[in-house]
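# Per-entry structural report
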Amino acid sequence: MALHTEIATLILRAIYLNLHDEVLPASPLQARARSRLDLKRLDNFIDTHLGEAILVDDLASLCALSPGHFHACFREHTGMTPLAYVQQRRLAHARELIETSGQRLGQIATLVGFRDQGSFSRAYRRAFGVAPSTQRRGLDH
């Protein structure tokens, strides 16, 4: 019976939102799931494993949520998908390494989890509007 009530509540909520284009407060279940999204813990895990493959399943398990539920809650909370968030952290760390270390760009690409320097350079350019090599040359002057 409780399941029927929950389903009916969700349907009515969806109809109301569709008719009124308003955002209602989250249900207790949604609020509890969002409270499990410990971004500090997720950031620490991501930063510790930058050079490895990071799966949504890994991040979801840190929050004790199913991958699908985690993905939805994460996107609602941050405005981006978990993998886009991981990519953003990879590139931010790469930018810091470019600015503070003398490591070759290929090494940096590997350290932050890119398969090759070409894919790293393309992603970096899309994110920051400048190629990593240009970024580094700009620092040398």
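Note: the structure precedes this text.
Here the structure is a predicted model, which means the values were calculated and not measured.

### Digging into the packing of aromatic side chains
- Scanning all chains against the criterion turns up five aromatic pairs.
- Three or more aromatic residues link up through ring pairs in this structure, and these residues are F114, F120, Y124 and F128.

### Quick word on the nonpolar core
- L37, L42, I46, L59, C63, F70 and F74 are the most contacted members of the largest nonpolar core, which totals 15 residues.
- Within the residue set of this core, elements represented by two or more residues are α3 (39-48), α4 (56-62), α5 (67-78) and α6 (82-100).
- Among all residues touching F74, those that are not within four sequence positions of it are L37, L39, L42, G79, M80, T81, P82 and Y85.
- Of all hydrophobic cores here, the second largest spans 12 residues; its members include L91, A94, L105 and F114.

### Considerations on the pattern of salt bridges
- Under the definition given, this model contains three salt bridges.
- Of the charged contacts, one joins D43 and R89 as a salt bridge, the two residues approaching to 3.5 Å between their closest N and O atoms. Pair noted here: D43 is in helix α3 and R89 is in helix α6, with a separation of 46 residues, a long-range link.
- The salt bridge partner of R95 is E99, with a shortest N-O separation of 3.9 Å.

### What to know about the packing of α3 against α6
- Put simply, α3 and α6 touch, their axes get as near as 10 Å, and they point 60 degrees apart. Relative to α6, α3 is oriented oblique. α6 is crossed by α3, and the crossing has right-handed handedness. Contact with α3, carried on its side by L39, D43, I46 and D47, involves Y85, V86 and R89 of α6 and no other residues of that element.

### Brief notes about the packing of α6 against helix α8 (residues 117-128)
- α8 packs onto α6 with a crossing angle of 95 degrees between their chain directions and a minimal axis gap of 10 Å. On the basis of their axis angle, the class for α6 and α8 is roughly perpendicular. Judged by residue contacts, Q87, L91, A92, A94, R95 and I98 of α6 engage F120, A123, Y124, A127 and F128 from α8.
- When the residues that make up the contact of α6 with α8 are grouped by side-chain class, the tally is nine nonpolar, one polar and one charged.

### Some details on α8
- The end-to-end C-alpha distance of α8, which contains 12 residues, comes to 16 Å, matching closely the 16 Å that a straight helix rising 1.5 Å per residue would cover.
- Between the side-chain oxygen of the N-cap and the backbone nitrogen of G118 there are 3.0 Å, and the N-cap of α8 in question is D116.

### So, the side chain of D43
- For D43, a relative accessible area of 16% gives the class buried.
- A polar contact of 2.5 Å, which involves the side chain of D43, links it to the side chain of Y85.
- If we skip the residues at most four places from it in the chain, D43 touches Y85 and R89.

### A short note on α6
- Between the first and last C-alpha of α6 there are 27 Å, a value that for 19 residues agrees with the 27 Å anticipated at 1.5 Å per step.
- Turning to α6, its buried residues are P82, Y85, V86, R90, L91, A94, L97 and I98.

Cut-offs used in this document
Position labels on residues start from 1 in each chain and follow its written sequence. With pLDDT at 70 or above as the cut-off, local features in this predicted model cover only qualifying residues; side-chain atom pairs require 80 or more to be listed or tallied, and sums for whole chains, interfaces and linings still use all residues. The basis for every side-chain value is the complete set of heavy atoms in the structure, and neither hydrogens nor water enter the calculation. Only Phe, Tyr and Trp rings are paired, with Trp represented by its six-membered ring, and only when their centres lie within 6.5 Å; those with planes under 30 degrees apart are stacked, over 60 edge-to-face, the remainder tilted. Take the buried Ala, Val, Leu, Ile, Met, Phe, Trp, Tyr and Cys residues and link them wherever side-chain atoms come within 4.5 Å; each set so joined is a nonpolar core. Three exposure classes are used, based on accessible area relative to the maximum for each residue type with a 1.4 Å probe and protein chains only: buried under 20%, partly exposed in between, and exposed over 50%. Helix numbers and strand numbers start at the N terminus; a helix is a DSSP run of H or I with at least 4 residues, a strand a run of E with at least 2. Any pair of residues with heavy atoms lying within 4.5 Å of one another is described as a contacting pair. In what follows, salt bridge is the name for a side-chain nitrogen of Lys or Arg lying within 4 Å of a carboxyl oxygen of Asp or Glu. Axis lines are fitted through C-alpha atoms, for helices just across the contact stretch, and the angle between N-to-C directions can take any value from 0 to 180 degrees. For classification purposes, an angle smaller than 35 degrees is called roughly parallel, one larger than 145 roughly antiparallel, one from 65 to 115 roughly perpendicular, and anything else oblique. Two helices crossing with the near one rotated counterclockwise from the far one by less than a right angle form a left-handed crossing, whereas a clockwise rotation gives a right-handed crossing. Polar here means any residue other than Ala, Val, Leu, Ile, Met, Phe, Trp, Tyr, Cys and Pro, which are nonpolar, and Asp, Glu, Lys and Arg, which are charged; Gly is therefore polar. Here the expected span of a helix is defined as 1.5 Å times the quantity of residues minus one. Two N or O atoms count as a polar contact when they lie within 3.5 Å, although within protein this holds only if one can serve as hydrogen donor and the other as acceptor, and sequence-adjacent residues are included solely when both atoms are side-chain atoms.

The values reported here are purely geometric and, on their own, carry no functional implication.
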